[in-house]
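Inside the fold
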There are 2 protein chains.
Amino acid sequence: MVEETRDSDAPRVLRVALLGCGTVGAQVARTMLTQREDLAAKSGCGLELVGVAVHDVTKPRPGVPGELLTDDPAALVENGGADIIIELIGGIDPPRRLILSAIERGASVVTANKALLAKYGEEIYAAAEREGVDIYYEAAVAGAIPIVRPLRESLVGDQILAVMGIVNGTTNYILDKMTTEHQDFAAALATAQKLGFAEADPTADVEGFDAASKAAILASLAYHSTVRVDDVYREGITGVTSGDIRAAESMDCVVRLLAVARLDAAGRIEVRVHPAMVPRGHPLAVVSGANNAIFVEAANAGGLMFMGPGAGGSPTASAVTGDLVTVARNRLRGVENPAHPVYQGLEVAPMSETRARYYLRFQVADQSGVLAAVAGLLAQHRVSIHSVRQLAARAEDRPDTAALSMVTHVAREADVMACIAELEKTGYVHGRVRFMRAEGV
Amino acid sequence: MVEETRDSDAPRVLRVALLGCGTVGAQVARTMLTQREDLAAKSGCGLELVGVAVHDVTKPRPGVPGELLTDDPAALVENGGADIIIELIGGIDPPRRLILSAIERGASVVTANKALLAKYGEEIYAAAEREGVDIYYEAAVAGAIPIVRPLRESLVGDQILAVMGIVNGTTNYILDKMTTEHQDFAAALATAQKLGFAEADPTADVEGFDAASKAAILASLAYHSTVRVDDVYREGITGVTSGDIRAAESMDCVVRLLAVARLDAAGRIEVRVHPAMVPRGHPLAVVSGANNAIFVEAANAGGLMFMGPGAGGSPTASAVTGDLVTVARNRLRGVENPAHPVYQGLEVAPMSETRARYYLRFQVADQSGVLAAVAGLLAQHRVSIHSVRQLAARAEDRPDTAALSMVTHVAREADVMACIAELEKTGYVHGRVRFMRAEGV
């Protein structure tokens, strides 16, 4: 099939099948239909939309002709004769089966399916390589923001030291509301749901599952290794309190849900998703509302920042359509993009062995010797203190306590957790120790 | 030559010749030599540095073996048998002759030469297409920041509405100093020269020539049209005064040297380089020091921002090495990247017909009726006023004058220039009318 494309001199038309026609899919279909000539000029060939698989063929879809609709995606893939399949259904199955079936039939694939690639990417990339077809997925991470190509190509001659991203717009919107309007988590979530920035069931976003999939994809690209979503440490934002936000403010920081992929000193990959304090001067701190941003630190390039709309129908459709044109160009020339080389095969470091700065905050008995005891306990665990602040109790608090907050130097997660467990057992620490990791400091 | 690469099963080695070994070239050579295995794994083949053309072979170059050096770049291109030529000499000639000669010999080319591509890009791209070789130039615009691939591929399915960039680090450094440290232009330039951010002869930077070349390349990519450096309206920063910086501050704006490429209502390309006021809330306003940033507005993607080090040896070498790996991968598969389709052939709008908001500032006679006269004069020229501010004269100024500043709605350049000329001829305007375009408002 691929060879054929090189022989013909006639103006070529590539057949494109679309699986899924939600907000993104409908926008892709409309773009293909209304900008047919423009896309043909850019691709070097016509792009004919041959079918659109949907759940409900009776639902009206403005701008998408009813005769293209089918509720049988498997049949569309098997019998539609498509050169290119665009998968926008989401979730693991049926997309996994449909994509593998398309690849076996020699079709190239464009997808925005982060969950699938973060779990079964290895299988899908291998199938595409075996069959000599393309698999493109710029839209899977950070919507319209070009980050897959920059990591695969622009920065491929460099050594990536770290990738840190705000890759989930819903949680960034909520944290931004909590910061700028002093709402608590529940109120900010309700606002986000009312305005369409959060789903009725917000679990995938607020618990960090979505960000974890994207972290796995980014880590795989940056480190030429197979990193799966199950390798990613994941902590959502449901536990972030107004007190945490205020504490961050007092440190001239903001709280962001970060996806972090970093090479550690032992050559392992740290890959984690969690709320983190970010200094206001850091490029990631200025990312407001539902925007996404990715900060890449490379040995030669230095610090690069990519920012823009990370979700939504039109931005995601932009990325999908860019992939479609790229795949069409490749197909016309009878080639496919080489598989991303997974030659490093790096291990993922267990979370307990990752390193970061930590912010700790707790109530202590307001008596002499306590600060020395706390410092001693931390030192025993090789946790070194960068800065410390002790505030006398406020009137509404227990008068015999003081609020202690501190920022550590870079320390090992397991050591900090051990400190926290021990601190909570002492007589002079009252209640729980709140903590948050700090990045970009 | 290209066909051969597909037949052999032996581990392949591609021969690479480097033309120019300044800060960037030396870093590329060191990366190629010290990260040989890593680059081979990423490319799928060995990359052998076969020669480095320099001006002075006797000058010691740490990390670059003397036996690779030659002072005859033409001979290296003609007789070196290189598969890939990296051109980092800069300037128009000899690079133009060397690159065309390399292409004729079937070599692929990586270059960072913005001046050459902005002037002779059409000729070079056509030669590469004719010979079936690659020409890659990610480093030509904004150093390490990936912007060429995002425009060529990631965003190719979208309609680019505008590209606005801070693409010259020297001028951004100077304007940043003038803003944050209240230095005047001469002092800020001297500081920049002392710290190595500006050359002894700063003309190419401060007069906007460098930015104009980059603007031409960005406009060509965004609009699939041939835009040459001579098509770019160019105004440097040598005329920016401390008064302009203070005036911008009073409007909650900063002054930046912007490269702007935009589609106008008549479907023509506006392409211009000039100082502009940018609101502090705009992503481009936060770009400090010698950094670069490019803001892209697209119909579907919305506003995307790319930020990072725009110059310097290591960042530029990062972009060059990324291109080298990409070109090597293509060569291994016996293909080249398709030429960027120049199918739109859009006209460039004359500067007099471009549209922007304008900030005007001048002294007027402090008497009744003057504001009405000014407003009437602007209205005659279809220039509508967005906001206006009149301040009584300061003690050190003429007591009978007032300072008038205003921001227009979007207006046509020719109309605004006509207003300014007429205002300066009236009896009630004292002295010159200062103006600056405003973007991102």
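**Topic: the overall build of chain A**
Helix and strand counts for chain A come out as 15 helices and 17 strands. Rg of the C-alpha trace for chain A: 25 Å, near the compact-globule value of 22 Å for 441 residues, within the 12% margin. The 441 residues of chain A split such that 53% are buried. Here the contacts in chain A between residues at least 6 apart in sequence split such that 74% fall between residues at least 24 apart.

**Quick word on the interface of chain B and chain A**
Much of the literature gives interface size as the accessible area that the parts lose upon coming together. Between chain B and chain A, the residue contacts involve 46 residues of the former and 47 residues of the latter. Sorting the residues of the side of chain B that touches chain A by element identifies helix H3 (36-43), helix H7 (148-154), strand E12 (302-309) and helix H13 (313-332) of chain B as the ones contributing at least two each. The biggest single contributor to the side of chain B that touches chain A is H13(B), with eleven residues. For the side of chain B that touches chain A, the per-class residue count stands at 26 nonpolar, 13 polar and seven charged.

**Points about the relation of the copies chain B and chain A**
Placing chain B over chain A gives an RMSD of 0.0 Å and needs a rotation angle of 180°, together with 0.0 Å of translation along the axis. Seen this way, the second copy is the image of the first under a two-fold rotation axis. Residue Phe306(B) of chain B places its C-alpha closer to the rotation axis than any other residue of that unit, at 2.4 Å. Most of the interface of chain B is mirrored in chain A, where 100% of its interface residues again form contacts.

**Concerning the pairing of strand E14 (residues 385-392) of chain B**
Residues and elements named next belong to chain B. The buried fraction of E14 is low, at zero of eight residues. Of the strand pairs in this sheet, E14 and strand E15 (residues 401-408) are connected by seven bridges, and their pairing is antiparallel. Looking at E15, one finds that Gln-390 is bridged to Leu-404.

**Some remarks on the nonpolar core**
By size, the foremost hydrophobic cluster in this structure holds 301 residues, and its most contacted members are Ile84(A), Ile86(A), Ala215(A), Ile84(B), Ile86(B) and Ala215(B). Leaving out residues up to four positions away in the same chain, Ile84(B) has contacts with Leu14(B), Val16(B), Ala107(B), Ser108(B), Val110(B), Leu324(B), Val327(B) and Ala328(B).

**Points about the sheet that holds strand E2 (residues 46-53) of chain B**
Residues and elements named next belong to chain B. The parallel open sheet is built from six strands, whose spatial order is E3-E2-E1-E4-E5-E6. Strands with a single pairing partner mark the edges of an open sheet, and in this sheet they are strand E3 (69-70) and strand E6 (135-136). Relative to E2, strand E1 (residues 13-19) runs parallel, the two being bridged by seven bridges. Bridging across to E2, Val-16 finds its partner in Leu-49.

**Here's the deal with the confidence of the model for chain A**
Mean pLDDT for chain A: 93, with 96% of residues reaching 70 or above. For this predicted complex, the interface score ipTM comes out at 0.92, alongside a pTM of 0.93.

**Quick notes on the sheet that holds strand E5 (residues 108-111) of chain A**
Residues and elements named next belong to chain A. Read across the sheet, six strands follow the order E3-E2-E1-E4-E5-E6 without closing on themselves; strand pairing throughout is parallel. Every other strand in the sheet has two partners, leaving strand E3 (69-70) and strand E6 (135-136) as the edge strands with one partner each. Note: strand E1 (residues 13-19) against strand E4 (residues 84-87), four bridges, orientation parallel. Of the residues in E4, the one forming a bridge with Val-16 is Ile-84.

**Some words on helix H6 (residues 114-131) of chain B**
All names here are of chain B. Taking 1.5 Å as the rise per residue, H6 with 18 residues should run 26 Å; its terminal C-alpha atoms sit only 22 Å apart, a clear shortfall. Within H6, burial applies to Lys-114, Ala-115, Leu-116, Leu-117, Ala-118, Tyr-120, Gly-121, Ile-124 and Ala-128. Elements in contact with the buried residues of H6: helix H5 (95-104), strand E5 (108-111), E6 and helix H11 (209-223). Backbone geometry just downstream of H6 places Gly-132 in the positive-phi region, at approximately 70°.

**A few points about the environment of Thr180(A)**
Of note, Thr180(A) is situated in helix H8 (residues 169-180). Thr180(A) sits 65 residues away from Ile245(A) along the chain, and the two C-alpha atoms are 9.8 Å apart.

**A word on the domain arrangement of chain A**
Split by domain assignment, chain A resolves into domain 1 (4-143 + 314-332), domain 2 (148-309) and domain 3 (352-438). Taking only C-alpha atoms, the centre of domain 1 of chain A and the centre of domain 3 of chain A are 53 Å apart.

**Thoughts on unusual backbone geometry**
Residue and element names in this part refer to chain A. Residue Pro-94 is bonded to the preceding Asp-93 through a cis peptide linkage, with omega at 15°. Within the secondary structure layout, Pro-94 lies in the loop between E4 and helix H5 (95-104). Even without a glycine there, the phi angle at Ala-142 is positive, about 60°. Its location among the elements puts Ala-142 in the loop between E6 and helix H7 (148-154). The buried category is assigned to Ala-142, around which 32 C-beta atoms lie within 10 Å.

**Regarding the packing of helix H3 (residues 36-43) of chain A against helix H13 (residues 313-332) of chain A**
Residue and element names in this part refer to chain A. The interhelical angle for the contact between H3 and H13, taken along N-to-C directions, is 50°, at an axis separation of 9 Å. As the angle between them shows, H3 and H13 are arranged oblique. In the crossing of H3 with H13, the sense of the turn from one axis to the other is right-handed. Of H13, the residues touching H3 (which contributes Leu-39, Lys-42 and Ser-43) are Val-325, Ala-328 and Arg-329.

Reading the values: the criteria
- Residues numbered from 1 in each chain as written.
- Chains lettered and ligands numbered in written order.
- Predicted model: local features only at pLDDT ≥ 70, side-chain atom pairs only at ≥ 80, totals over all residues.
- Helix = DSSP H or I, 4+ residues; strand = E, 2+ residues; numbered from the N terminus.
- Rg over C-alpha atoms; globule rule 2.2 N^0.38 Å.
- Buried ≥ 20, exposed ≤ 12 C-beta atoms within 10 Å, placed from the backbone.
- Contact = placed C-beta atoms within 7 Å.
- Nonpolar A, V, L, I, M, F, W, Y, C, P; charged D, E, K, R; others polar.
- Least-squares fit on C-alpha atoms with pLDDT ≥ 70 in both.
- Pairing = 2+ DSSP bridges.
- Core = buried A, V, L, I, M, F, W, Y, C linked by C-beta atoms within 7 Å.
- pLDDT = per-residue confidence, 0-100.
- Expected span 1.5 Å × (residues − 1).
- Domains from an automatic or database assignment.
- Axes fitted to C-alpha atoms, helices over the stretch in contact; angles between N-to-C directions.
- Parallel < 35°, antiparallel > 145°, perpendicular 65-115°, else oblique.
- Left-handed = near helix turned anticlockwise from the far one by under 90°.

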